Structure formats: C-alpha cells, structure tokens
Amino acid sequence: MVKKVSKINSIHYLRGTAAALVVLYHLRGSMNDVYSQKDLGDLLFSFGAFGVDLFFIISGFIICYATNRNEKNLITNYIIRRFFRIYPLLIAGITFYYIFIFEGTDWFFYLRSLIPLGHNISEGSPFFGYNMLTPAWTLTYEIVFYGLFLIAIAISHKHRAVISVLLIAGLVFGIQYSQSGTVTLQGYNKNNFLEGSFLHAPLTILASPMFLDFIYGIVIYKIASLNIFDKSKTLNKVIFLICILIFGISALNIVACQIYGHGPLIWGMWSAYLVLSLVVIERLYTLKEIPVLNFFGDISYSLYLTHVIIIDAYHRNPNTFSFFQNNNGITKLVFLLLISVVVAYVTHQLIEKNAITLGKKLINRINNKRDMSLTQKA
C-alpha cells in the first residue's frame, strides 16, 4: 500500500511543472518573429500543452490516494472537498474574466462556463468549443471524473479503483459503439451524439477518450501500492534504474515533440510513463524537498486557471503595458510569466486556501452534528 503521507513529492512536483509548462505554451507567441529563428517560441514550448494530460493522470492517482481511508461520512466529505477545491476559484476566475476582459454580454456562455461546459459540444473532443476562461475546458473532464468516482465509492470503497476503471471504460467505449458502431481512442474526434436531445451533452462528453487518461492514474496508484517494493534491495535498484530509463525516454519524446497531441495514445500514454517512473522512485527512495518545485506545486491550480487572464489582458490592452512596445521576446515572456506567478500566488492565498479551510470547517461541523445526534439516540 502507498504510505499515507500529507504530500507525495513526485506528484506535487509534476503538478507544479505541468502548470508552468502550460503557461509557457500559452506564452510561446512572445518568442516568435523576434529572433533570427522565427518560430523559436514554438520550438521551445510547443510541447508544454502536454501538461493537461499529465494533470488528468495525476487526478486519477490523487483521488484514489486521498480516499484511501474509509472515513465516516465519506461520500458527503468527498463532495464537499471536491467542491471547495475546484469551484470557488473557478467561479471567481470566470466572473472576473467576464466582467473585465470578455468582449460581449453572452450570459448563456458565462453560465455554461461556470458549470463548466464548453461553448459548443458539437465541435467535438477534446475541447468542446472551449470554456470562456480557456484553460477551464479541462475542468469539465475533472468534474465528470469526480462524479464517476463518487459512484464507484458509493458502490464499494474497497473496490473503488476497479469499479471506476470499468465505469469509465464502459462509458467511453459503450457510448461510442452504441451510437456509431465504431470505437476510437483518439482524443481529437468529431463524435457528436443525439444532437438536439437533452442527452447530447452527457453522451458526447462521456464518450471522449480523454477520460482514459484518468484510468492511467488509477492504475499507477495500484502499481505503486504493490508490496514488491519492500522485498529486496537488489530488486529495488534494478527497478530504480528501469524507472530512470523510462523517465528519460518519455521526457525526451515529449520535449522533442516526437509525440504530440492530447489523448491516451499520445501525450496521455507518455505522461503516464513519467508519473509511474517518478512515483515508483519515490516509493523506493525518499525524494528531498525542493522549495521551487514545492512552490509551483502549491500554486499549480491557481497558476493554471488564472494565467490566461494576464495574457488576454495584455493582448486586449497593449497600451496599458507600454513597457513592451519596444521589448519583445524573452523580456515579454519573463515579465508576463512573473506577473502570472504573482497573481497565482495571491489567488492561492486569498481564494484557494480559504476555500479549502471553509470546506474543512463545514465537514467538521457536519461530522460533529452527526456524532451528537448518534450520542443522543444512544
């Protein structure tokens, strides 16, 4: 069993790295058409979008890990924790974007984004027309996954991992085959089922192969829980060397863009190798604390969700940033990155942490009331 600690460094570091790479991916245009290598930004940071698949895999792992203990009021506590972890910052970010940056008054798009649902489900997987706050398109998958995992917990806490895997795979493949007679594993597809029906959105979204990324994370959790890592020091050294090799090959393939694109057969699969190798290494040997990676891990959700506000604010109001009129390239990229990090840190402190604390207080209050009720009945 994976030892229960407050934080798994490998996962925390990967989460922070993924968020930073997604930001650099969105800033890559700052480096294009500036230097003699016209597509320098694309060459350096095009791979950064793989962080999305990495996030999904980490989520699959973490949800299994976080629900390892069968606590009282597990289902209620699970719902509260997930809500306060995701929605306060999501609502704040989208609302701020709508009021100060979004061009137009499309209330329906605003409300869909809060759910969150993409602007146009008919556009197909993986983006479904994007969210108003662009990076939040991924939260549609996250929240649906949380719901499916909740069903698995309700059926059997002990077998929640297996049930959730079967449930996800069954929905993805079952919906595709029943509606089209074929099955695809490609994250990019134009599947569009029962358009015009109230089942259009749920069926089309649930059929997306992007959900298979979460299965990778669940499987990695189960692998990391195996007892083979406690048997032999010699075996552990062999496993360690294999993991180093897997990590190196995977990272090289991703960074060199030898593989490119969202989905379980592309970035998803190679990201799974990264997560598996680092998690197993930490299972074997302690990973030391690295302050910079810790910091980015802490602010990863805020950085991922809010950085586009900074970027879009700049692009839509360039005169406000007069400093950049004669300063492009690396200067612009570093400055916008630093502003994004500062804003992420502030939102993490003011919104994320307070929301999580509020969720904990609500859980404690509910649990205390339940205990008092049981005591009175006894």
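Here, the structure is the one placed above.
The rules we used
- Residues numbered from 1 in each chain as written.
- Predicted model: local features only at pLDDT ≥ 70, side-chain atom pairs only at ≥ 80, totals over all residues.
- Heavy atoms only, no water.
- 1 Å grid on protein atoms, 1.4 Å probe; cavity = no way out; pocket = protein on both sides within 12 Å on 5 of 7 lines; lining within 4 Å.
- Points joined across faces, edges and corners; volume = space filled by probe spheres on them.
- Helix = DSSP H or I, 4+ residues; strand = E, 2+ residues; numbered from the N terminus.
- Buried < 20%, exposed > 50% of the residue type's maximum accessible area, 1.4 Å probe, protein only.
- Contact = heavy atoms within 4.5 Å.
- Phe/Tyr/Trp six-rings, centres within 6.5 Å; stacked < 30°, edge-to-face > 60°.
- Lys NZ or Arg CZ within 6 Å of the ring centre and 35° of its normal.
- Nonpolar A, V, L, I, M, F, W, Y, C, P; charged D, E, K, R; others polar.
- Polar contact = N/O pair within 3.5 Å; in protein donor to acceptor, adjacent residues only side chain to side chain.
- Expected span 1.5 Å × (residues − 1).
- Core = buried A, V, L, I, M, F, W, Y, C linked by side-chain atoms within 4.5 Å.

Engineer: Before we move on, can you summarise empty space enclosed by the protein with the specific residues and values?
Structural biologist: Inspection of the entire model under this criterion finds one cavity of 30 Å³ or more. Of the voids in this model, the largest cavity is the one considered here, and its volume is about 30 Å³. In terms of lining residues, the largest cavity is bounded by Leu117, Gly118, Pro126, Phe127, Phe128, Tyr130, Asn131, Trp137, Thr140 and Tyr141.

Engineer: Can you tell me about the side chain of Ser300, naming the residues and giving the values?
Structural biologist: For Ser300, the location among the structural elements is in helix α13 (residues 300-316). By relative accessible area, which is 2% here, Ser300 ends up buried. Residue contacts for Ser300: discarding those within four places in its chain leaves Arg15, Gly16 and Ala19.

Engineer: Go over the packing of aromatic side chains, please, and point to the residues and values.
Structural biologist: This model, assessed by the stated rule, comprises 30 aromatic pairs. Ring geometry for Phe127 versus Tyr188: centroids 6.1 Å apart, planes at 70 degrees, classification edge-to-face. Residue Phe127 is located in the loop between α5 (107-114) and α6 (137-155), and its partner Tyr188 is located in the loop between α7 (160-180) and α8 (200-206); the two are separated by 61 residues in the primary sequence. By relative accessible area, which is 40% here, Tyr188 ends up partly exposed. For Arg28, the ring lying beneath its charged end belongs to Tyr25, and the centroid distance is 4.0 Å.

Engineer: Hey, could you go over the layout of surface pockets for me, with residue numbers and the actual values?
Structural biologist: Roughly 1,500 Å³ of internal volume is contained in the largest pocket. Arg15, Ile62, Arg82, Arg85 and Ile356 are the residues nearest the centre of the largest pocket, which is lined by 48 residues in total. Mapped by element, the contributors of at least two residues to the lining of the largest pocket are α1 (9-27), α3 (51-66), α4 (74-100), α6, α12 (291-298), α13 and α14 (330-377). Counting residues per element, the lining of the largest pocket draws most heavily on α14, which supplies ten residues. Split into classes, the residues belonging to the lining of the largest pocket amount to 25 nonpolar, ten polar and 13 charged.

Engineer: How would you summarise α5 if you had to cite specific residues and measurements?
Structural biologist: Within α5, burial applies to Phe109, Tyr110, Arg112, Ser113 and Leu114. In this structure, the buried side of α5 is in contact with α4. The distance from a side-chain oxygen at the start of α5 to the backbone nitrogen of Phe108 is 3.2 Å, and the residue carrying that oxygen is Asp106.

Engineer: If you had to explain helix α10 (residues 233-255) to someone new, which residues and values would you point to?
Structural biologist: Over its 23 residues, α10 extends 32 Å from the first C-alpha to the last, a length consistent with the 33 Å expected when each residue adds 1.5 Å. Looking at the buried side of α10, the elements it contacts are α11 (267-284). Cys257 sits one or two residues past α10 and shows a positive phi near 55 degrees.

Engineer: Summarise the nonpolar core; cite the residues concerned and give the values.
Structural biologist: With 105 residues, the main nonpolar core has Phe61, Ile168 and Val275 as its most contacted residues. Ranked by the residues each element gives to this core, the list is headed by α3, at eleven residues. Residues within four places of Phe61 in sequence aside, it is in contact with Ile8, Ile11, Gly217, Ile218, Ile220, Tyr221, Ala224 and Val279.

Engineer: An account of unusual backbone geometry is needed here, citing residue identities and associated values.
Structural biologist: With glycine set apart, most residues show a phi of negative sign, and most peptide bonds adopt trans. Of the consecutive residues Ile115 and Pro116, the connecting peptide bond is found in the cis state with omega at 5 degrees. Its location among the elements puts Pro116 in the loop between α5 and α6. Within the chain, Asp33 stands out as a residue other than glycine whose phi angle is a positive 55 degrees. On the accessibility criterion, Asp33 (62% relative accessible area) is exposed. Phi at Cys257 is positive, roughly 55 degrees, even though this residue is not glycine. Mapping Cys257 onto the fold places it in the loop between α10 and α11.

Engineer: Outline the side chain of Ser208, supporting the account with residue identities and numerical values.
Structural biologist: On the secondary structure map, Ser208 appears in the loop between α8 and α9 (212-224). On the accessibility criterion, Ser208 (1% relative accessible area) is buried. A polar contact is formed between the side chain of Ser208 and the side chain of Tyr141, at a distance of 3.2 Å. If we skip the residues at most four places from it in the chain, Ser208 touches Ser125, Phe128, Tyr141 and Val172.

Engineer: Lay out the environment of Ile228 in plain terms, naming residues and giving numbers.
Structural biologist: By the element assignment, Ile228 lies in the loop between α9 and α10. Residue Ile228 is classed as partly exposed on the basis of its relative accessible area, which comes to 40%. Not counting the four nearest positions on each side in its chain, Ile228 is found in contact with Leu235 and Asn236.

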